[in-house]
Amino acid sequence: MRQRKSNALNKLSLLAFIVSALLPAAASAQYSPKPTEWPSYAADLAGTRYRPLDQINASNFNDLEIAWRIKTDNFGDRPEYKLEGTPLMVNGVLYATAGSRRAAIALDPATGELLWIHGEHEGKRGGAAPRQLSGRGLAYWSDGKEERIFYVTPGFRLICLNAKNGVRVPSFGDNGEVDLKLNDDQEILPDLITGEIGIQSAPVVAKDTVIIGAAFREGMTPKSMRNNKGYVRGFDVRTGKRLWIFHTIPKKGEFGYDTWEKGSAEYTGNTGMWTQLTVDEQLGLVYLPVESPTSDFYGGHRPGNNLFGETLVCVDLKTGERKWHFQLVHHALWDMDISSAPILADIVVDGKPVKAVAQPTKQGFLYVFDRVTGKPLWPMPEKPVEVGSVPGEWYSPTQPIPSKPPAYSRNGVSIEDLIDFTPALREKAKEIVSHYHLGPVYTPPTVSKLEGPLGTLTLGTASGGTNWPGGSYDPETHIAYLFACNACVEPIGLVAAPKEVSDMNYVAGVAGREVEILHGPGENAGADSPKPPKKRAAGGGFTRLDVDGLPLIKPPYGTITAINLDKGDFVWQVAHGETPDLVRNSEALKGMNIPRTGQITYNIGTLITKTLVIAGEGNITTTADHPRGAMLRAYDKATGKEVGAVYMPAPQTGSPMTYMVNGKQYIVVAVSGGPYSGEYIAYTLPSAE
Amino acid sequence: MRSAAAIGVLAATAISLGALRAQAPSAESRSVWDGIYTEEQSKRGEPIYHKECAACHGDMMTGGESAPPLTGGAFLANWNGLSVGDLFDRIRKTMPQSAPGRLTRQQDADILAFMLSMNKFPSGKTELYRQSEMLKEIRFEAKKPAAKN
């Protein structure tokens, strides 16, 4: 094991204790990350997004200044406006994905100087990828001697680079790459260039295994009930040899095959794992958060519960063999992909220590299980839910509803959730929603009708609750911190799809509009010729889902909730983010004293340190305190009280991370959006005079 | 107390601005509230939007997991204070994400006209320009300005 002096490690036995609690038991010649580093996308394999650093704290957060910054414009063929990466910092180097080509870059963590860059030119295969741009990150591995960087290209190839110089490692796979469209227990159709499958999340390296999931296009209006499948695979970190595969859609004869009636497991696809997974190296267990099956909102072609769609699956790290599973949503109809890392938490419940896993979700439930056995820590009874009436659909009559912790963000829509700054605004909102079907969580979608309902109005579905950035967890206090969108309203209506457009009976849409195949990102230009426009019914089906420009749903629009996992109770909940300009400057609300509302964004990640919860804003505002921009905010992690904020020129679009180098602590966050192309910005305290 | 030179400069600026305003309609003084697209153009843009943009930005421009909303407060705040040309160029150069630059300037202008109508900016008698330099002269303002004299 490499020994390395670090004068940042001047903290003491307390730190050593925390370090030993955080680190896995060291295998022989295994690299052991330091608490001053950020060795994995989510800080560690448990998905905590936590570092025990405290040089930046409540007393000085407002003094943070920009240490360095780097735009990603020229790392690909065009600037990107959605930079979602979280860098790593290991052994004195910062690594990140960047640019429209998803290049891998290495920077000096103190100065931002570019040390090396590696980009794969994938031609048509990259252009056809379902998940483009620079993605969310990469992975690092070391045996104490060699250091490697792993990432997956948009065209779905696993690349292994020498971390010292960014050159492909020839002994890995085929000269440094593994073609992930091959050796996947299926034929990727229609061909390797255009076949839809990819990934945007960072690979995970645990022990000597690299684990990769799969992602597809947006599933609202699929061209077909048939798609490629999103199996999960583990590869040998040295050779690239495939070690195991987990079939997220069971093959004939495998457990769960019969939850796809009428043989629908044969042709249904998607059901991938596009977000971060977590690993308990000591137990040798991997936790897979699985997404929705083909067609987010219509399941008539896949009757049955559809294991393992929207299921938390625990598999063996060495063999990929399933150990336990829990399906969060039976027969998915709401695009409730499990969207983020299942957080591994060692907690104490009713006086007994439990190795737990806590899964944040879009639907605002935190599902907590014993991560060894899969048993829920608090009951999750199957409760009856509304059965819909879309022709040909199959419905699960019940869904599991966690009894604890309480829902931390809104799911379902009722009149009570609507804007209520004034009675007049509430009345307008009621008129708008009168065109929709409302109900609690798991109210099914409806066929969209011009005379109403236009669909089911939902919260806590596609972009609700917690999305890909996931939550954070403090292993010292056993508190989970979860950002959630509390007002990300999504209307779900279905329209019949003509045969030329889709072979599905129904796809997402609004009555009165022509049904076009909604092209997902990455689809080949010219693949579909334009259809002649259908005759539009007068008035169409469009209703604005805002009230004179103000959000339809009442505040708080976006929240951070602290949940004590030992008890399953909230510790605090605050609105995160400055009140949007439109609300603050609204003539209709002039003179009213409206508490900070938070913002309607779905993609905010939180960072936890010894004393702070740190998260940036997802919206641009212009206030008396700052020019157009967004603020990176810090909260006291014990109370939720805001203790500081610094300016960012654009919204946070990648989750923040932190590290120490040369005795200084840095916070790095990716910003982008609107007119501002992607940039990584590093903050640090001013140097002592 | 201001210097005479400063007053002179101020006066000259006021006079020239006044002269510009007297011409109707002048590009320099226009914003999204001045009827900068036509209904017909917006109707042309609607099916193009649905074919090229709705997959990510939503049937009703409410956004989705891969793309932000194109109506509402967050969208307006993103572009407030910038020019329509900034927004147009962003669309032209980077959208659709899978094949940026694939659409013609005319198509981009039509889509933008549709977006402006969805955001309830008023239509007018002239089509939205497709030249970036013309659009750069038009301000994007989230809030409707007070009535001009």
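What counts, and at which threshold
Residues numbered from 1 in each chain as written. Chains lettered and ligands numbered in written order. Predicted model: local features only at pLDDT ≥ 70, side-chain atom pairs only at ≥ 80, totals over all residues. Helix = DSSP H or I, 4+ residues; strand = E, 2+ residues; numbered from the N terminus. Expected span 1.5 Å × (residues − 1). Buried ≥ 20, exposed ≤ 12 C-beta atoms within 10 Å, placed from the backbone. Contact = placed C-beta atoms within 7 Å. Nonpolar A, V, L, I, M, F, W, Y, C, P; charged D, E, K, R; others polar. Pairing = 2+ DSSP bridges. Axes fitted to C-alpha atoms, helices over the stretch in contact; angles between N-to-C directions. pLDDT = per-residue confidence, 0-100. Parallel < 35°, antiparallel > 145°, perpendicular 65-115°, else oblique. Left-handed = near helix turned anticlockwise from the far one by under 90°.

Chemist: Lay out helix α2 (residues 39-52) of chain B in plain terms, naming residues and giving numbers.
Modeler: In this model, α2 of chain B (14 residues) spans 20 Å end to end at C-alpha, consistent with the 20 Å of a helix rising 1.5 Å per residue. By the burial criterion, the buried members of α2 of chain B are Gln41, Ser42, Gly45, Glu46, Pro47, Tyr49, His50, Lys51 and Glu52 of chain B.

Chemist: Tell me about the interface of chain A and chain B, residues and numbers included.
Modeler: Across the boundary between the two partners, chain A contributes 41 residues, which contact 35 residues of chain B. A per-element tally of the side of chain A that touches chain B places helix α4 (residues 581-584) of chain A first, with three residues. Looking at the side of chain A that touches chain B, its residues break down into 18 nonpolar, 14 polar and nine charged.

Chemist: Account for the sheet that holds strand β35 (residues 630-636) of chain A, with residues named and values stated.
Modeler: Residues and elements named next belong to chain A. Taken in spatial order, the four strands make up an open sheet running β33-β34-β35-β36, and their pairing is antiparallel. Because the sheet does not close on itself, it has two edges, and the strands there are β33 (607-608) and β36 (642-648). Summarising the sheet, β33 and strand β34 (residues 612-616) pair through two bridges and their orientation is antiparallel. Across the sheet, leucine 607 pairs through a bridge with isoleucine 614, a residue of β34.

Chemist: Hey, could you go over the environment of proline 154 of chain A for me, with residue numbers and the actual values?
Modeler: Residue and element names in this part refer to chain A. You can see proline 154 is positioned in the loop between β7 (147-152) and β8 (157-162). For proline 154, a count of 27 C-beta atoms within 10 Å gives the class buried. For the pair proline 154 and glutamine 186, spaced 32 residues apart in sequence, the C-alpha to C-alpha distance is 19 Å. Among residues more than four places away in sequence, those in contact with proline 154 are Arg102, Glu122, Gly126, Ala129, Arg131, Gln132 and Gly198.

Chemist: Go over unusual backbone geometry, please, and point to the residues and values.
Modeler: Residues and elements named next belong to chain A. With an omega of -5 degrees, the peptide bond running from glycine 452 to proline 453 counts as cis. For lysine 262, which is not glycine, the phi torsion reads 55 degrees and is therefore positive. With respect to the element layout, lysine 262 can be found in the loop between β13 (242-246) and β14 (278-280). Despite not being glycine, glutamate 310 shows a phi value in the positive range, around 45 degrees. The residue glutamate 310 is located in the loop between β15 (285-289) and β16 (311-316) in this model. For glutamate 310, a count of 28 C-beta atoms within 10 Å puts it in the buried group.

Chemist: Help me get a handle on the pairing of β36 of chain A, residues and values and all.
Modeler: Every other side chain in a regular strand lies on the same face of the sheet, so the side chains alternate between the two faces. Two strands pair when backbone bridges link them, and β35 of chain A and β36 of chain A are joined in this way by six bridges, in the antiparallel orientation. By the bridge assignment, alanine 634 of chain A is partnered in β36 of chain A with glycine 644 of chain A.

Chemist: So, the sheet that holds β7 of chain A: which residues are in play, and what are the values?
Modeler: Residue and element names in this part refer to chain A. Strand order in the open sheet formed by four strands is β6-β7-β8-β9, and the pairing between neighbours is antiparallel. With partners counted over all chains shown, the strands left at the sheet margins are β6 (139-142) and β9 (177-179), one partner each. The mean angle between the axes of side-by-side strands here comes to 20 degrees, regardless of whether they run parallel or antiparallel. One ladder, built from four bridges, connects β6 with β7; its direction is antiparallel. Counterpart to alanine 139 in the pairing with β7 is phenylalanine 150.

Chemist: Pulling in residues and values, what's your account of helix α6 (residues 105-118) of chain B?
Modeler: All names here are of chain B. Taking 1.5 Å as the rise per residue, α6 with 14 residues should run 20 Å; its terminal C-alpha atoms sit 20 Å apart, in good agreement. Within α6, ten of the 14 residues are buried, leaving the element largely enclosed by the surrounding structure. Every buried residue of α6 is listed here: Asp108, Ala109, Asp110, Ile111, Leu112, Ala113, Phe114, Met115, Leu116 and Met118. Looking at the packing, one finds that the buried side of α6 touches α2 and α5 (84-94).

Chemist: If you had to explain the confidence of the model for chain B to someone new, which residues and values would you point to?
Modeler: Atom-level detail of predicted coordinates should not be read off regions where pLDDT is low. Residue and element names in this part refer to chain B. Here chain B averages 83 in pLDDT, while 79% of its residues score no lower than 70. The lowest-confidence element of chain B is helix α1 (residues 4-22), averaging 50 in pLDDT; the highest-confidence one is α6, averaging 96. In this model, residues 18-27 is a region of pLDDT below 50 whose contacts with residues beyond four sequence positions or in other chains number ten contacts. Predicted complex, confidence summary: ipTM 0.76, pTM 0.89.

Chemist: Could you give an account of the packing of α5 of chain B against α6 of chain B, with specific residues and numbers?
Modeler: All names here are of chain B. Contact pair α5 / α6: the axes reach a minimum separation of 10 Å and the direction vectors enclose 125 degrees. By the criterion of interaxial angle, the relationship of α5 to α6 is oblique. Taken as a pair, α5 and α6 cross one another with a handedness that is right-handed. Across the interface between the two elements, Leu87, Phe88, Ile91 and Arg92 from α5 touch Arg105, Asp108, Ile111 and Leu112 from α6. Residue composition of the contact of α5 with α6, by class: five nonpolar, no polar and three charged.

Chemist: Which residues make up the packing of α2 of chain B against α6 of chain B, and what are the values?
Modeler: Residues and elements named next belong to chain B. In the contact formed by α2 and α6, the axes pass within 7 Å of each other and the chain directions differ by 100 degrees. Classed by the angle they form, the pair α2 and α6 counts as roughly perpendicular. In this structure, α2 uses Gln41, Ser42, Arg44, Gly45, Glu46, Ile48 and Tyr49 to contact α6, whose residues at the interface are Gln107, Asp110, Ile111, Ala113, Phe114 and Ser117. Here the residues of the contact of α2 with α6 sort into five nonpolar, five polar and three charged.

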